[in-house]
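Results of the structural survey
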Amino acid sequence: MKTIHQIFYRDARNLKNIPSESVDLVVTSPPYPMIGMWDDVFGSQNAEIEKALETGDGKLAHELMHKILDPVWDEMFRVLKDGRFACINIGDATRKVGGDFCLYPNHARILSYLLNIGFSALPDILWRKQTNAPNKFMGSGMLPAGAYVTLEHEYILILRKGSKREFKTECEKQNRRESALFWEERNIWYSDVWMDIKGTGQRLSDELSRLRSAAFPYNLAYRLVNMYSVKGDVILDPFLGTGTTIAAAMTSGRNSVGVEIDKSFQSAICPMARQIVDFSNDYLRDRLKKHFAFVEDRIQMSGPLKYTNKHYGCPVVTSQEQSILLNGLKEVRESDDNIFEVAYFAKPQSIYDQNRNKMTIESQDKSETQLDLLNRQ
Ligand SMILES: C[S@@+](CC[C@H](N)C(=O)[O-])C[C@H]1O[C@@H](n2cnc3c(N)ncnc32)[C@H](O)[C@@H]1O
């Protein structure tokens, strides 16, 4: 088993190098309109934006920034196959422009545009990023009528192009079964409020910290990739940034395409890709370990489980989990034109040892530093 990952350093408003109907899933997070750190990125794409901000016309600036994102959404619609999903992480912005403080509802503006161009909306995910920052309360303190509630959540909009995806052949059905989630993961991942994923952390070098300050957490991308695609699919991130989506696709046995306008991100993406084998294998082992711990608790509490996973020999709650197979990574190869090829093990790298109540694995105890680059939460 192999996957291919390609990065284009270009403007995602034109994805002419990606054929129509060739992508199975989009996972992305655009620059957020009206968040100060992105003013220059938007301003460099339309000079009118700076003027609108200077003259205190926040609503116009907001709309002009979204007009830069709109062509990317058009391209996303074109390249997605029928029945496939787009997951867009976006936060609203609060800002004082021209003396008035207000909310700029980015998620609503993007959602309404996506519906207009033909997407169907599905229930979205509210990502609650808890913070203890003392400045999280805004406005008039304890005095009524001038205080605002905290803004501690972002959205993950979930859209579908066309109607339900079908898995027709036995091979497609088997691949889908191998790509399934464990029951206890489903219960958390498919809930509409995510509170267990923190924002990106700080354990990085200065250069990577600067680049990663707008990155979404690896766990967020990994979940979405595994919830809305199957192994062998093609994942696209048109606002690639540090390459988190590509990393999640590599770990998950999916192919990927990333597009990023700013070539300086290459200094984060390439080292990440070079370390992906150890990182992913640690991550996959962790996922299995959590499952094994879950089933042991569950068996102690309520007795034996009815089903067994045929690859790991471990108990599972439902029949749909019997074929789950997390393919370990064997090696990654880099070619000089921003293409990475990942090879995988076809067989499980770990098994559940029922007698000793623990997992038997090939090797363990990887140092934590391997995890730093992807900043796992
Ligand atoms: C919020 S960041 C994405 C972060 C990414 N999810 C990660 O984990 O690192 C948005 C990215 O979009 C890029 N960008 C902005 N305008 C773009 C455009 N027109 N085409 C492609 N990329 C663009 C920015 O340079 C930035 O890296």
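These figures come from a predicted structure and were not determined experimentally. (Residues numbered from 1 in each chain as written. Predicted model: local features only at pLDDT ≥ 70, side-chain atom pairs only at ≥ 80, totals over all residues.)

Details of the pairing of strand E12 (residues 255–259)
- Counting buried positions along E12 gives five out of five residues, so the element sits mostly inside the fold.
- What you see with E12 is no split at all: Asn 255, Val 257 and Val 259 on one side and Ser 256 and Gly 258 on the other are buried throughout.
- Alignment of strand E1 (residues 2–8) against E12, held across four bridges, turns out to be parallel. Pairing of Phe 8 across the sheet is with Val 259, part of E12.
- Strand direction decides the pairing type here: strand E11 (residues 234–237) and E12, joined by four bridges, are parallel. By the bridge assignment, Val 234 is partnered in E12 with Asn 255. (Buried ≥ 20, exposed ≤ 12 C-beta atoms within 10 Å, placed from the backbone. Helix = DSSP H or I, 4+ residues; strand = E, 2+ residues; numbered from the N terminus. Pairing = 2+ DSSP bridges.)

Description of the nonpolar core
- Ranked by size, the top nonpolar core spans 75 residues in total, and within it Val 26, Ala 86, Cys 87, Ala 221 and Val 225 carry the most contacts.
- Of the residues forming this core, the biggest block, nine residues, is contributed by helix H3 (residues 58–79).
- Each of two domains, domain 1 (2–132 + 146–274) and domain 2 (279–329 + 349–372), supplies a minimum of three residues to this core.
- Every residue in contact with Cys 87, bar those within four places of it in the chain, is listed here: Val 26, Val 27, Ile 156, Ile 158, Leu 224 and Tyr 228. (Core = buried A, V, L, I, M, F, W, Y, C linked by C-beta atoms within 7 Å. Domains from an automatic or database assignment. Contact = placed C-beta atoms within 7 Å.)

Regarding the site of the ligand
- Every one of the 20 residues lining the ligand counts as a neighbour, but Ala 12, Ala 215, Phe 239, Gly 241 and Thr 244 are closest to it.
- Residues that form the shell around the ligand fall into these classes: twelve nonpolar, four polar and four charged. (Near = placed C-beta within 6 Å. Nonpolar A, V, L, I, M, F, W, Y, C, P; charged D, E, K, R; others polar.)

Observations regarding unusual backbone geometry
- At Glu 21, a position not held by glycine, the phi torsion is positive, near 50 degrees.
- Tracing the backbone shows Glu 21 in the loop between E1 and strand E2 (23–28).
- A tally of 12 C-beta atoms within 10 Å means that Glu 21 is categorised as exposed.

Some thoughts on the sheet that holds strand E15 (residues 329–335)
- Read across the sheet, ten strands follow the order E10-E6-E9-E3-E2-E11-E12-E1-E16-E15 without closing on themselves; strand pairing throughout is mixed. Sheet topology places strand E10 (193–194) and E15 at the edges, where each strand pairs with a single neighbour.
- Each of E2, strand E3 (80–90) and E11 touches helix H8 (residues 218–228); the most contacted strand, E2, lies at about 155 degrees to it. (Axes fitted to C-alpha atoms, helices over the stretch in contact; angles between N-to-C directions.)

Points about helix H9 (residues 244–252)
- Among the nine residues that make up H9, nine are buried, leaving the element largely enclosed by the rest of the structure.
- When we look at burial in H9, the residues that qualify are Thr 244, Thr 245, Ile 246, Ala 247, Ala 248, Ala 249, Met 250, Thr 251 and Ser 252.

Observations regarding the pairing of E15
- Note: E15 against strand E16 (residues 339–344), six bridges, orientation antiparallel. The residue bridging Arg 333 from the neighbouring strand is Glu 341, located in E16.
- Here E15 folds back onto E16, and the loop between the two strands holds three residues, one of which, Asn 338, carries a positive phi near 60 degrees.

Topic: the confidence of the model for the protein
- Looking at the protein as a whole, its pLDDT mean stands at 90, while 90% of the residues score no less than 70.
- Below pLDDT 50 for its whole length, residues 201–206 participates in nine contacts with residues either more than four positions away or in separate chains.
- Note on residues 363–377: pLDDT is under 50 here. Beyond four places in sequence and across chains, it has 31 contacts. (pLDDT = per-residue confidence, 0-100.)

Quick word on the packing of H8 against H9
- In the contact formed by H8 and H9, the axes pass within 8 Å of each other and the chain directions differ by 50 degrees. It follows from the interaxial angle that H8 and H9 lie oblique. Note on packing geometry: the crossing formed by H8 with H9 is right-handed. Packed against H8, whose contacting residues are Tyr 218, Ala 221, Tyr 222, Val 225 and Asn 226, the element H9 presents Thr 244, Thr 245, Ala 247, Ala 248, Ala 249, Thr 251 and Ser 252 at the interface.
- Residue classes in the contact of H8 with H9 are distributed as seven nonpolar, five polar and no charged. (Parallel < 35°, antiparallel > 145°, perpendicular 65-115°, else oblique. Left-handed = near helix turned anticlockwise from the far one by under 90°.)

Structural notes on the packing of H9 against helix H11 (residues 276–302)
- Here H9 crosses H11 at 65 degrees, and the two axes come no closer than 9 Å. Seen along the crossing, H9 lies across H11 with a hand that is right-handed. Side by side, H9 and H11 meet where Ala 247, Met 250 and Thr 251 of the first sit next to Ile 276, Ser 280, Tyr 283 and Leu 284 of the second.
- In the contact of H9 with H11, the residues fall into five nonpolar, two polar and no charged.

Points about the environment of Gly 98
- Inspection of the secondary structure assignment puts Gly 98 in the loop between strand E4 (93–97) and strand E5 (100–104).
- What makes Gly 98 partly exposed here is the crowd of 13 C-beta atoms within 10 Å.
- It is 8.1 Å that separates the C-alpha atoms of Gly 98 and Glu 54, two residues lying 44 residues apart in sequence.
- Gly 98 has contacts with Gly 56, Asp 57 and Gly 58, leaving out every residue within four places of it along the chain.

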